[in-house]
Amino acid sequence: MNQSSKNQKRIVSGGWRIVQKFWPQIRQERLTIATSLLALIVKTIFHLLEPWPLKFMFDQIILADFNVEPTGIKIIDDLGIMGLLTVLALTIVAIVCVRAVAAYYSSVSIALAATNIMTEIRNRLYYHLQHLSLSFHSRAKSGDLITHVTYDIERLRKVTVIAIVPLLTNILTIVGILGVMFWISWQKSLIAASTLPLFLISTLYMGKRIEHSARVQRKREGAMAATAAEAIGAIKVVQALSLAKMLGSTFSGHNQNSLKEGVQTQKLRAAQERIVEVLLAVTTALVLWRGVQLIQQGAITPGDLLVFITYLKMAFRPMRQFAKYTGQIAKATASGERIVDLLEIEPTIKDVRGAISASPFRGAVRFENVSFAYEDENLTLKNIDFDVKPGQRVAIVGSSGGGKSTLVSLLLRLYDPLEGRILIDDHDLREYQLDSLRGQISIVLQESVLFAVSIFDNIAYGSLEAKESEVIAAAKLANAHDFIMQLPEGYDTVLGERGATLSGGQRQRIAIARAAVRQAPIVILDEPTVGLDNQNEQAVSEALARLTQNCTTFLITHDLRNAKSADLIVYIESGRIMEKGTYQELMQLGERYASLFNTSHPLSNIHG
Ligand code: ADP
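Values in this document were obtained by computation on a predicted structure and should not be read as measured data. (Residues numbered from 1 in each chain as written. Predicted model: local features only at pLDDT ≥ 70, side-chain atom pairs only at ≥ 80, totals over all residues. Heavy atoms only, no water.)

### Describing the domain arrangement of the protein
Then, number 1: What the domain assignment reports for the protein is domain 1 (3–343) and domain 2 (447–519).
Then, number 2: The gap between the C-alpha centroids of domain 1 and domain 2 is 55 Å. (Domains from an automatic or database assignment.)

In structure tokens, the structure reads:
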């Protein structure tokens, strides 16, 4: 199958899918689109009218001078020669003006509609991507994804404006021209149409060769860029091993070939244009040959012939552009389909049927034989089993990479377990609506993410219904109120990128305030004091103690001292629970936790 019929197939099937998916957004813009189409039709009609004043000048005025009896419609009697000439001259200007205005409105409205639709689609995609499960995001490189999506949407928008509208205009123009031509003289139209197959064969055949040659050239350029990038990227090695000469000759080989293909493409393009010109000349000659005979027989007027010849020229140009536009539209269709594909990915973590809105949790948490894997083969967590009573404090300890963060992300239902289940207040997490589950869990991470909005908003993000007094109370609880008040704009201070204007300890306290404003019965702390100096650590620890009062708390830490006061210590290694119990129990057990504790804090044991 050749490229252009492949293109057309893709445009039809893909285009239909895209229109269906985005119908709500397109519908919203229906008025603008209708305006644009209407303007397009007016523009085409006036384009078709352009040669007509000339026809009348020819038939009614010039020929009259040669004492030839005007044929066709007689309008000269009523107006007089000068009157008619003036009217016709003005008509030429008027036609072009109306056409220009219509063209303006047609392009402006379609550009407007396209921009609005694409903005809506971008929002929809953004919303969708945010709700896709983490397992999707860790598979897709999110940077790539965003670039792709942005690029795809932009291409879709641009092509709508620079290809779909001209293509529609061309189709309308050709249909209009054919209609009028047949109306003037079906005989001549048939003559004109007789060269059409030749024309089509030549453009399709040449088009295919041009496309092939351009593709080869693009490939060569890609290879050339890759060689260059490789050599420059590894310049040290290249110079050390004296590879420059060898790589240079590879490069110049690619370069030479690319040049040849480039010349070939240019040659083909030039040849195609000349063929089209010759075909046009042949058609014109044929039409003139038959046309003059028809004039002599009185079947048509000389002006008709003029209109006919002008139309021929007018029709050929858009026909030549068909291949160009369909190529562009096919590419945009591929972009559009990628967006639709993305929108059709169902989030794997979502509310199951009949999920209930969780009532306020008491905070009893049970992991029942939970296993989990990010990828199919390796289990990241194996048979995790423990029980937490409401208001208890659990410390999850163990070496880095053991699976501690993974464990709490299952509690947030960022992922679902592969086996086993997690219960809060005796119900499987999957029985709760996601929002009502996550809304009752607060979280403070080691590196808290602050947004580039005001401090007030950063705290209020914890609970979207938070009142001002609640935000301030939360800040006070988090030991943050005092330093916030010392900032030039207090709570209205807008944070710099990634919260850069605050110290690590201050940022942590804002994050704690955000967690506090949620008033959640379950709190997760993931190494929240790591990397802070003593003074800050104390302020943060105090704030955390207040935050977690009466809450079921999960504390991830590798500092075993922090775990000492916990009601339950869970010691994880390689995804398995190696030991669990209270500090006393684990020390008595005298195995991993105890020996690690003794090696890292030799003195604490004596005091503890
Ligand atoms: P810890 O919190 O104890 O340091 P993690 O739970 O972060 O351990 O990681 C446990 C294991 O899971 C590690 O081997 C880590 O490489 C792997 N892991 C973590 N996140 C992902 C992810 N998104 N995709 C694949 N593997 C992951």
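### Observations concerning the nonpolar core
Then, number 1: If you look at the biggest cluster of nonpolar residues, it comprises 33 residues, and the most contacted ones within it are Ile459, Val471, Ile484, Tyr491, Ile510, Ile512 and Leu547.
Then, number 2: Listing elements by their share of this core, those giving two or more residues are helix H16 (455–460), helix H17 (468–477), helix H18 (481–486), helix H19 (504–517), strand E7 (522–526) and helix H20 (534–547).
Then, number 3: No other element matches the seven residues that H19 contributes to this core.
Then, number 4: Setting aside its immediate chain neighbours within four residues, isoleucine 484 contacts Ile455, Ile459, Ala475, Gly490, Tyr491 and Ile510.
Then, number 5: Grouped together as the second largest cluster of nonpolar side chains are 31 residues, Phe372, Val394, Val408 and Phe554 included. (Core = buried A, V, L, I, M, F, W, Y, C linked by side-chain atoms within 4.5 Å. Buried < 20%, exposed > 50% of the residue type's maximum accessible area, 1.4 Å probe, protein only. Helix = DSSP H or I, 4+ residues; strand = E, 2+ residues; numbered from the N terminus. Contact = heavy atoms within 4.5 Å.)

### A few points about the site of the ligand
Then, number 1: Neighbouring the ligand are twelve residues; Gly401, Gly403, Lys404, Ser405 and Thr406 lie closest to it.
Then, number 2: Residue glycine 401 places a main-chain N or O atom 2.7 Å away from an oxygen atom belonging to the ligand.
Then, number 3: Between threonine 406 and the ligand, the recorded distance is 2.4 Å, taken from a side-chain N or O atom to an oxygen atom.
Then, number 4: Compared with its free state, where it exposes 560 Å², the ligand has 60% of that area covered by protein.
Then, number 5: Of all the elements, helix H14 (residues 404–411) adds the most residues to the shell around the ligand, at three residues.
Then, number 6: Per-class residue counts for the shell around the ligand are two nonpolar, nine polar and one charged. (Near = heavy atom within 4 Å. Polar contact = N/O pair within 3.5 Å; in protein donor to acceptor, adjacent residues only side chain to side chain. Areas by Shrake-Rupley, 256 points an atom, 1.4 Å probe, with all protein chains shown as cover. Nonpolar A, V, L, I, M, F, W, Y, C, P; charged D, E, K, R; others polar.)

### As for the sheet that holds strand E3 (residues 393–397)
Strand pairing in a sheet is mediated by backbone hydrogen bonds. Such pairs are either parallel or antiparallel.
Then, number 1: Ordered in space as E6-E7-E8-E3-E9-E10, the six strands form an open sheet in which the pairing is mixed. Here the strands that pair on one side only, and so sit at the sheet edges, are strand E6 (441–444) and strand E10 (576–581). Along the sheet, successive strands turn relative to each other by an average axial angle of 15 degrees, direction set aside.
Then, number 2: Inspection of the sheet shows E3 paired to strand E9 (residues 568–573) by four bridges, in the parallel sense. Bridged to isoleucine 396 within E9 is valine 570. (Pairing = 2+ DSSP bridges. Axes fitted to C-alpha atoms, helices over the stretch in contact; angles between N-to-C directions.)

### Some words on the packing of aromatic side chains
Then, number 1: Summed over the entire model, instances satisfying the criterion amount to 13 aromatic pairs.
Then, number 2: Here phenylalanine 367 and phenylalanine 386 contribute two aromatic rings whose centre-to-centre distance is 4.8 Å and whose plane-to-plane angle is 15 degrees, an arrangement assigned as stacked. Residue phenylalanine 367 is located in strand E1 (residues 365–372), and its partner phenylalanine 386 is located in strand E2 (residues 381–388); the two are separated by 19 residues in the primary sequence. A single burial state applies to phenylalanine 367 and to phenylalanine 386, both of which are buried.
Then, number 3: Centroid distance phenylalanine 372 to tyrosine 374: 5.0 Å. Interplanar angle 80 degrees. Geometry classified as edge-to-face.
Then, number 4: Every member of this aromatic cluster is reached through a ring pair, and the members are Trp52, Phe56 and Trp183. (Phe/Tyr/Trp six-rings, centres within 6.5 Å; stacked < 30°, edge-to-face > 60°.)

### Focus: helix H12 (residues 244–296)
Along an α-helix, residues three or four positions apart point the same way, because every turn accommodates 3.6 residues.
Then, number 1: The terminal C-alpha atoms of H12, which comprises 53 residues, lie 77 Å apart, in line with the 78 Å expected from a rise of 1.5 Å per residue.
Then, number 2: Looking one or two residues past H12, glycine 298 carries a phi angle of roughly 75 degrees, positive in sign. (Expected span 1.5 Å × (residues − 1).)

### Considering a negative patch on the surface
Then, number 1: On the surface, Asp457, Glu468, Glu489 and Asp492 cluster together into a negatively charged patch.
Then, number 2: Here aspartate 457 lies in helix H16.
Then, number 3: Residue classification places aspartate 457 among the partly exposed positions, given a relative accessible area of 33%. (Patch = residues over 30% accessible without salt bridge, like charges linked within 9 Å, V, L, I, M, F, W, Y side chains within 5 Å. Salt bridge = Lys/Arg side-chain N within 4 Å of Asp/Glu carboxyl O. Lys, Arg positive; Asp, Glu negative; His and termini not counted. Charge placed at Lys NZ, Arg CZ, Asp CG, Glu CD.)

### What about a positive patch on the surface?
Then, number 1: Taken together, the side chains of Arg215, Arg218, Lys219 and Lys331 present a region of like positive charge at the surface.
Then, number 2: Per-element accounting of the positive patch gives the leading share, three residues, to helix H10 (residues 196–233).
Then, number 3: Along the chain, lysine 219 falls in helix H10.

### Notes on the pattern of salt bridges
Then, number 1: As enumerated under the stated definition, the model contains 18 salt bridges in all.
Then, number 2: Taking the shortest distance from any N to any O, the salt bridge between aspartate 304 and lysine 55 comes out at 2.6 Å. Taken together, the residues aspartate 304 in helix H13 (residues 302–343) and lysine 55 in helix H4 (residues 52–65) connect sequence positions 249 residues apart.
Then, number 3: Look at aspartate 304 and you get buried, because its relative accessible area is 11%.
Then, number 4: Aspartate 426 serves as the salt-bridge partner of arginine 366, at 3.8 Å between the closest nitrogen and oxygen. Here aspartate 426 lies in the loop between strand E4 (419–424) and strand E5 (427–428) and arginine 366 lies in strand E1, a separation of 60 residues in the sequence.

### Let's talk about unusual backbone geometry
Then, number 1: In this structure, asparagine 369 is a non-glycine residue whose phi angle is positive, near 50 degrees.
Then, number 2: One can find asparagine 369 in strand E1.
Then, number 3: For asparagine 369, a relative accessible area of 40% gives the class partly exposed.
Then, number 4: Residue glutamate 527 is not a glycine yet carries a positive backbone phi of 45 degrees.
Then, number 5: Relative to the helices and strands, glutamate 527 resides in the loop between E7 and H20.
Then, number 6: For glutamate 527, a relative accessible area of 11% puts it in the buried group.

### Here we look at a nonpolar patch on the surface
Then, number 1: Judged by side-chain polarity, Ile41, Ile45, Leu49 and Leu172 come together as a nonpolar surface patch covering roughly 300 Å² of accessible area.
Then, number 2: Counting residues per element, the nonpolar patch draws most heavily on helix H3 (residues 30–49), at three residues.
Then, number 3: With respect to the helices and strands, the residue leucine 172 is situated in helix H8 (residues 142–184).
Then, number 4: With a relative accessible area of 32%, leucine 172 lands in the partly exposed category.

### Quick notes on the packing of helix H9 (residues 186–194) against H12
Then, number 1: As a packed pair, H9 and H12 sit with axes 9 Å apart at the nearest point and diverge in direction by 165 degrees. When the axis of H9 is compared with that of H12, the two are roughly antiparallel. You can see that H9 and H12 cross each other, and the crossing is right-handed. Here H9 contributes Gln187, Lys188, Ile191, Ala192 and Ser194 to the contact with H12, which in turn contributes Thr283, Leu286, Val287, Arg290, Gly291 and Leu294. (Parallel < 35°, antiparallel > 145°, perpendicular 65-115°, else oblique. Left-handed = near helix turned anticlockwise from the far one by under 90°.)

### Observations concerning the confidence of the model for the protein
Then, number 1: Averaged over all residues, the pLDDT of the protein is 84; the fraction at 70 or higher stands at 92%.
Then, number 2: Contacts of residues 604–608 to residues separated by more than four positions or lying in other chains number six contacts, the stretch itself having pLDDT below 50. (pLDDT = per-residue confidence, 0-100.)

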